[in-house]
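Residue-level listing of the chains:
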Amino acid sequence: MESSLAQRDKAIIWHPYTQMQTASDPIGIVKGEGVYLIDESGKKYIDGVSSWWVNIHGHSHPYIAQKVSEQLSTLEHAIFAGFTHKPAVELAEGLLKILPKSQAKIFYSDNGSTAVEVALKMCLQYWANKEQPRLKVLAFNNSYHGDTFGAMAVSARGAFNAAFESLLFEVVYIDTPNAGNIDSLKLQIAERKAELSSFIYEPLVQGSGGMLMYEPQYLDELLACCKENGVFTIADEVMTGFGRTGKLFASDYLNHQPDIVCLSKGLTGGTMALGVTSCSQKIFDAFLSDDKLKTFFHGHSFTANPIACSAALASMDILLRSETFESIARISESHNRFAYKIRAHRKLKDVRQTGTILALEWETDGNSSYFSGLRDTLYSFFLQEGIILRPLGNIIYVLPPYCITNEELEYIYSKIEVALDRF
Ligand SMILES: *Cc1c(COP(=O)(O)O)cnc(C)c1O
């Protein structure tokens, strides 16, 4: 008898974010269809977390599949230094049409972490090229910007990067802004401007930090302050981009536009790995020189992979259809109604929502960490009920593909209510 995918996997594969000694068997997925992932035994799961926030239009979307397939038999890949191709050019044109107007150039890489690395290197080298080195980065407490070294360095210090802490470069951390602290935050920026190359932030929603949400109004003030003090602003829209917060980009809720935007996750509709770092003309211009040392020396073997770019182009076509924005609005309203209904539940410490993201924070007796037992209990419960939700510690969140129906949303909410009564 052929052994199951899980058995074959366990013999040879090391999974991300997984303690392999205690992890339960991975579930072998054989098919994706719309909002569902289907396992070896035929069981269907609603992908309530969009497969780590990447899938925005549903799995195995026929339009994306068709575009990728056409591209595969036309040009699968070409070196991107000295050469270019239609998918890369058209995607850059398309992105610049929808990104904040401050953005002028597109740099391709492979994922969210590399998009962040590129952004940090652009800013640090900008100041080096200007011969006024600024070596520090400003970031938020509770931030998450990825798992490569630079991205780890600008993320909050914690369990995920503890083993590397002494190797991470120094970052100036501030709290997310509110009415009470905004003046003191602005003062700190003004005082330290000579050393701050850039400020990196997840606009409106700090994803991995626990779907923590904060007000656009005060972020706008912070961005204005950075601008006044010559500190570049980097909007890490890797999670918030492409409609997730209700507008195309979370930056669209703000009056002040960023100098740099990082994109990945929803960029290809969750089909292929691809990262984008867009920047202003001012940043780009600081690398133009007769001096070869002022070149931006960064690239990856698969930079601007044509198949990934064609998936992104197809995803963007779907995103810009009016039906998609109707769905985003429908999910946002539905989340909002459920949040209102459930918010007084005695087991909930907080309920918050921005666009298609709904987060419920469970009341706990002390142990609220990512590693809490409650997390594992909730995760298994929802799986059993055919729903993929991956709680961040005691925080459950629903972040679905935009094609999810009202019935599927209601099913998830009803199981959340069961869980609230049971655990
Ligand atoms: C997921 C994420 C990243 C890292 O992206 P990867 O593709 O996983 O490397 C960076 N920033 C934010 C805000 C993210 O949510």
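What this report covers is the structure whose coordinates are included nearby. (Residues numbered from 1 in each chain as written. Predicted model: local features only at pLDDT ≥ 70, side-chain atom pairs only at ≥ 80, totals over all residues. Heavy atoms only, no water.)

**Some remarks on helix α12 (residues 373-384)**
Basically, it comes down to this: In this description a helix means any DSSP run of H or I spanning at least four residues, a strand means any run of E spanning at least two, and both kinds are numbered starting from the N terminus. In this scheme, a helix's expected span is set at 1.5 Å multiplied by one less than its residue total. Remark: exposure states derive from per-residue accessible area (1.4 Å probe, protein chains only) relative to the maximum for the residue type, with buried under 20%, exposed over 50%, and partly exposed in between. We call two residues contacting when some pair of their heavy atoms lies within 4.5 Å.
When the terminal C-alpha atoms of α12 are compared, their 17 Å separation across 12 residues agrees well with the 16 Å that a helix rising 1.5 Å per residue should span. The set of residues buried in α12 consists of Leu374, Arg375, Leu378, Phe381, Phe382 and Leu383. Residues of α12 that are buried in the fold lie against β3 (44-47), β14 (357-362), β15 (387-388), β16 (395-398) and α13 (406-422). Backbone geometry just after α12 places Gly386 at a positive phi near 80 degrees.

**Describing the site of the ligand**
Put simply, the test is: The nearness test applies per residue and asks whether one of its heavy atoms lies within 4 Å of the molecule or strand. By the criterion applied in these results, polar contacts are pairs of N or O atoms within 3.5 Å in which, for protein atoms, one can donate a hydrogen and the other can accept it, and in which residues neighboring in sequence qualify only through two side-chain atoms. Residue exposure ignores everything except the shown protein chains as possible cover, and the areas themselves are Shrake-Rupley values with a 1.4 Å probe. Lys, Arg, Asp and Glu make up the charged group, whereas Ala, Val, Leu, Ile, Met, Phe, Trp, Tyr, Cys and Pro make up the nonpolar group; the residues left over, Gly among them, are polar.
In the vicinity of the ligand, the contacting residues are Trp53, Asn111, Gly112, Ser113, Tyr144, His145, Gly146, Glu202, Asp236, Val238, Met239 and Lys265. The separation between an oxygen atom of the ligand and a polar side-chain atom of Ser113 is 2.6 Å. Burial of the ligand by the surrounding chains reaches 84%, relative to a free accessible area of 380 Å². Residue composition of the shell around the ligand, by class: 4 nonpolar, 5 polar and 3 charged.

**Details of the environment of Ser73**
In this structure, Ser73 sits in the loop between α3 (62-72) and α4 (86-98). Remark: the alpha-carbon pair of Ser73 and Gln19, spanning 54 residues in sequence, is separated by 40 Å.

**Things to note about the sheet that holds β15**
In sheet architecture, strand pairing relies on hydrogen bonds along the backbone and comes in two forms, parallel and antiparallel. Going by this rule: Any two strands between which DSSP finds at least two bridges are classified as paired.
With mixed pairing, 4 strands are arranged side by side in an open sheet as β1-β2-β3-β15. The two strands at the open ends of the sheet, each matched to only one other strand, are β1 (29-33) and β15. Direction of pairing for strand β2 (residues 36-39) relative to β3: antiparallel, over a ladder of 3 bridges. Within β3, the position partnered with Ile38 by the bridge is Lys44.

**Considerations on the packing of aromatic side chains**
Let me state the cut-off plainly: Note on aromatic pairs: the rings of Phe, Tyr and Trp (six-membered ring only in Trp) are paired at centre separations within 6.5 Å, and the planes decide the class, stacked below 30 degrees, edge-to-face beyond 60, tilted for the rest.
A complete count under the given rule lists 17 aromatic pairs for this structure. For the ring pair Tyr126 and Trp127, a centre distance of 5.0 Å and an interplane angle of 80 degrees mean the geometry is edge-to-face. In this pair, the class of Tyr126 matches that of Trp127, namely buried. When the centroid spacing of 5.5 Å and the interplanar angle of 75 degrees are considered together, the rings of Phe140 and Tyr214 count as edge-to-face. With Phe140 in strand β5 (residues 136-140) and Tyr214 in the loop between β9 (212-213) and α8 (216-228), the pair connects residues that are 74 residues apart, well separated along the chain.

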